[in-house]
Amino acid sequence: MKKNSNFFNQILLFVLSWCLVTPLYGQDLLSPDDFLPHRLGEQFTPHHLLVEYYQHVARNSRQVQVKEYGRTSENRPLLYAIISSPENMANLEALRINHLRKTGLVEGASTPNAPAVVWLSMNVHGNEPASSETSMTILHNLLNPARKDIQNWLKNTIIIIDPCVNPDGYSRYTHWYINASDNVPNTHPDAREHREPWPEGRYNHYLFDLNRDWAWATQVETQRRLEIYHQWMPHVVPDFHEMGYNEPYYFAPAAAPYHRYITPFQRDFQVEIGKNHAKYFDKEGWLYFSKEVFDLFYPGYGDTYPTFNGAIGMTYEQGGIRAGRAILLENGNTLTLKDRIQHHLTTALSTIEMTSKNADKLNKNFETFFQKSSKNPPGQHLTYIIKKNNPKDKIKALCTLLDRHKIQYGTVKNGLQLTGFDYTHAKEKVDFNVSAGDLVISARQPMGVLTQVLLEPQAELLDSLTYDITAWALPYAYGLETYATTKAITPNEPFSLTPALVDVKSNHQPYAYIMRWQSLSNAHFLSLVMQRGIKGRAAREPFEVEGQSYQSGTLVFTRADNVILGERFDREMTALAQQYEQDLTAVSTGFVSKGRDLGSEKLDLLTKPTVAVLYDEEVDENGYGQVWHFFETELKMAITPLRVVDIGRVKLSSFNTMVMTDGKYTKLDSLSVVRIKNWVAEGGKLILIGEALNVFEDKKDFALTKFASKKEEDIALSIENIEKMRRRYAHYCDAERDAASDNIPGAIFKVSMDSSHPLGYGFGNVYYSLKTSNNAFQVLKNVWNVGYIGKELQVFGFAGQRVREAQRNTSVFAVQSLRRGHVVYMTDNPLFRAFWYQGKFLFANAVLMKMK
């Protein structure tokens, strides 16, 4: 009887335990292995099944919320999951608001003993899929009641998992791989399943690298993610990646250079997390490294952006690109997808463990970060003033970006006079006036550190061996008259832009409509009206009519050019100007008081572009994507992609514009080059960007040469030979640093502009160009050198000494007339990452304006 009693007591205890656990863990909650049609690591999981697993978990656990935060360009869902203890989940919104109060983004006093917040960012590069696979087992482990250690972590930690930052790229890669691979993984590195075709899954729909986009938010994935990020402002953000499959695992601490604004605590806590990872990796005997390659400087990464928002931002890199499900390593071992998942799982759980153990310390230092940011931010300048006389569309575009980052701004009620840095002329100690209506951005605000990072003219670089661009100041990117001062000014009035003025006389049919050509939004409008069949002209010279002055490039839409449209001309011009907030002025006469009359041949009739863009596997995917993105999202204009090998058979006369972006183009043979040249000569416009210029260097009838004369070439050759002699005695250990002298990872160069040329319309006499390569062509002969670098250099960011010197007296943007057509040479890529607003405006000139 006693034995039976004990048996029934055990059964009762089991049932009670099951009843207590079931509401939390769920009797129907399946592991990834049980839910998916394959076990983790045996095959890649299609994105829709990844989403379904997260939704399954949310339905079966009170410890999880799964939410959709947006849709990709291909309409795939962007998800995030929130996981914590049952008590925290029941009080989640109050905990979130309390946490935001520590940042100052939400008013009110915060309470102590708050949970720490960890954000796990997975698969920003689609062909680095192991982290998305890992995210499912992380989620399952966090909900496992048998893991008492994890359940204890959740009591003071809230975990957010973004399981797939880049669903479109992930799907491009995984769908290809499943189709290309055998049932049994082939470990030979040259097997088809390890040779991903162009375009790779690394990039999103528009072939943008989303791990370079956090600061610029040009892509929909980033824009939607930032909204959720700022709702949570996490303490710790590991960003999971993969790299070459032979590489060991990389984790924090990061390599130098660190941005100077990163706090000692942020640096030190990376070390503590790295030590904890090392403990687990040492136990398993796994190879790893830290403090190399991956620095914390450029603000667009998934580790640096959180860092400038007060978090401990870190990159984790697992060897795995091209590895498929299994691949043979150079050391003779086989790396499997299961291995990669296990490594990422280990660092993820180790990160959560360290966050939980240091929750109080993280909360304290996080709050201190924002208090210092609001009272005493680390940078030199405390206030940035953007003058109201700037084109308002540019100011509006900048404000949109500031809003995305929760950067506060306003204006002042009363004017004052100050001294500071003048961005346009790159001069210190310049006197300027601050007026009511100017855009005023104070660095003394919760997002003050990020404000200074994005707006300071020169970021202090402590080591030239950096991973990415080294200059990005937004006033240069947007081409805005801006001043920075060390004096703290608090905006005391809301900032607003004056509404668009559509000045149309009532009961009157205007002779013409006039629009100033000042910004990219004017290009949006011109493209739109062209596609509606409305014809416009661009004035080559300044003119004055009915008391208003206009500069070169001004758009003129005359009734005479559009007589076929009848009343639709007036109706659409005014409606579209109002809809797209464009200043439009109607005039009753074509007789001007200064300059050329509106019927003069000096006003060039503009033609709607029909655009071909060349591509193949040797064309840079980013470069192609940037062109595609520009036409589709900025100009709302269709393009026709043409394979390089098809140039010989395509009817080129179907197009009036051709774009070639960065790439090798080795399949463009001499006959194809001649065919393109003949097409240009018959009236085509060829736009060459970056590396594409090299294809036409020294080609017959093209003006592109590296050197302006034989003498200059001989001098360069002599310098090169001296350098080769010097390197004979160089030390091997100095090779990497010595190579930096020939490198421009990304720096801003001051360029002199000819704003009277159609390529320069809307610009002043200066353009600040983001230069990302060492390509250089001395000022060209028999062309219009519209943008050039003179003898004196003005550079922001790092440019190696030798390549820096080679930029003197070089052509950056030029136009060559070739019989009836034109070639536009753009040595610097104006569309780089789509964040250089002025560059996009310049490219719009190349596409839309009639070249001369």
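Read on for an overview of the structure. Predicted model only: the values in this text are computed from it and were never measured.

1. Some remarks on the overall build of the protein chain
Inference 1: A count of helices and strands for the protein chain gives 24 helices and 36 strands.
Inference 2: What you see for the protein chain is a C-alpha radius of gyration of 30 Å, in line with the 29 Å of a compact globule of 852 residues.
Inference 3: With the principal axes as the frame, the protein chain shows a C-alpha extent of 115 × 65 × 60 Å.
Inference 4: Counting across all 852 residues of the protein chain, residues that qualify as buried make up 59%.
Inference 5: Considering only residue pairs separated by 6 or more positions, the protein chain has 78% of its internal contacts joining residues 24 or more positions apart.
Inference 6: For the protein chain, the exposed area adds up to about 35,000 Å²; of that, 50% sits on carbon and sulfur atoms.
Inference 7: Taken together, the 93 basic and 93 acidic charged side chains of the protein chain have centroids lying 3 Å from each other.

2. Description of the sheet that holds strand β24 (residues 584-587)
Inference 1: Across the sheet, six strands lie side by side as β18-β24-β19-β23-β20-β25; this open sheet has mixed pairing. If you trace the sheet from one side to the other, it starts and ends with β18 (502-503) and β25 (603-605), each paired once.
Inference 2: Pairing of strand β20 (residues 537-539) with β25 involves three bridges; the strand directions are antiparallel. Pairing of Arg 537 across the sheet is with Leu 605, part of β25.
Inference 3: Contacts from helix α17 (residues 520-531) reach β19 (512-515) and β23 (555-558) within the one sheet, and its direction differs from that of β23 by about 25°.

3. A few points about the sheet that holds strand β17 (residues 482-485)
Inference 1: Spatially, the five strands line up as an open sheet ordered β15-β14-β17-β13-β16, and their pairing is antiparallel. In this open sheet, the two edge strands, each paired with only one partner strand, are β15 (427-434) and β16 (439-442). Averaged over all pairs of adjacent strands, the angle between strand axes in this sheet comes to 35°, irrespective of strand direction.
Inference 2: One ladder, built from six bridges, connects strand β14 (residues 416-422) with β15; its direction is antiparallel. Paired with Asp 422 across the strands is Lys 427, a residue of β15.

4. Points about the nonpolar core
Inference 1: Within the largest apolar cluster, 184 residues are counted, with the highest numbers of intra-cluster contacts made by Tyr 476, Phe 557, Phe 631, Leu 668, Leu 686, Phe 843 and Leu 848.
Inference 2: In terms of residue count, the dominant contributor to this core is helix α24 (residues 837-848) (eight residues).
Inference 3: In contact with Tyr 476, not counting residues within four places along its chain, are Phe 421, Tyr 423, Ala 426, Ile 748, Tyr 768, Phe 796, Trp 836 and Gln 838.

5. Looking at the pairing of β24
Inference 1: Across the two faces of β24 the burial is the same, with Leu 584 and Ala 586 and Thr 585 and Val 587 all buried.
Inference 2: Here two bridges tie β18 to β24, and the two strands are oriented parallel to one another. Of the residues in β24, the one forming a bridge with Val 502 is Leu 584.
Inference 3: Taken together, the three bridges between β19 and β24 define a ladder with antiparallel strand orientation. Looking across to β24, one finds that Ile 514 is bridged to Thr 585.

6. A short note on the packing of aromatic side chains
Inference 1: On inspection of all chains with the given rule, the structure shows 53 aromatic pairs.
Inference 2: Ring centres of Tyr 249 and Phe 251 lie 6.3 Å apart, and the angle between their planes is 45°; on these two criteria the pair is classed as tilted. Taken as a pair, Tyr 249 and Phe 251 share a single burial class, namely buried.
Inference 3: Aromatic rings pair up to connect Trp 216, Phe 297, Tyr 298, Tyr 301, Trp 472, Phe 835 and Trp 836 into one cluster.
Inference 4: When the ring centre of Trp 214 is taken as origin, the NZ or CZ atom of Arg 225, which lies over that ring, is 4.5 Å away.

7. Structural notes on the side chain of His 822
Inference 1: Assignment of secondary structure puts His 822 in strand β36 (residues 821-826).
Inference 2: Within polar-contact distance, the side chain of His 822 engages the backbone oxygen of Met 851 at 3.3 Å.
Inference 3: Those residues in contact with His 822, other than ones at most four positions away along the chain, are Val 680, Gly 684, Lys 685, Leu 686, Val 815, Gln 816, Ser 817, Met 851 and Lys 852.

The rules behind the values
Residues numbered from 1 in each chain as written. Predicted model: local features only at pLDDT ≥ 70, side-chain atom pairs only at ≥ 80, totals over all residues. Heavy atoms only, no water. Helix = DSSP H or I, 4+ residues; strand = E, 2+ residues; numbered from the N terminus. Rg over C-alpha atoms; globule rule 2.2 N^0.38 Å. Buried < 20%, exposed > 50% of the residue type's maximum accessible area, 1.4 Å probe, protein only. Contact = heavy atoms within 4.5 Å. Areas by Shrake-Rupley, 256 points an atom, 1.4 Å probe, with all protein chains shown as cover. Lys, Arg positive; Asp, Glu negative; His and termini not counted. Charge placed at Lys NZ, Arg CZ, Asp CG, Glu CD. Pairing = 2+ DSSP bridges. Axes fitted to C-alpha atoms, helices over the stretch in contact; angles between N-to-C directions. Core = buried A, V, L, I, M, F, W, Y, C linked by side-chain atoms within 4.5 Å. Phe/Tyr/Trp six-rings, centres within 6.5 Å; stacked < 30°, edge-to-face > 60°. Lys NZ or Arg CZ within 6 Å of the ring centre and 35° of its normal. Polar contact = N/O pair within 3.5 Å; in protein donor to acceptor, adjacent residues only side chain to side chain.

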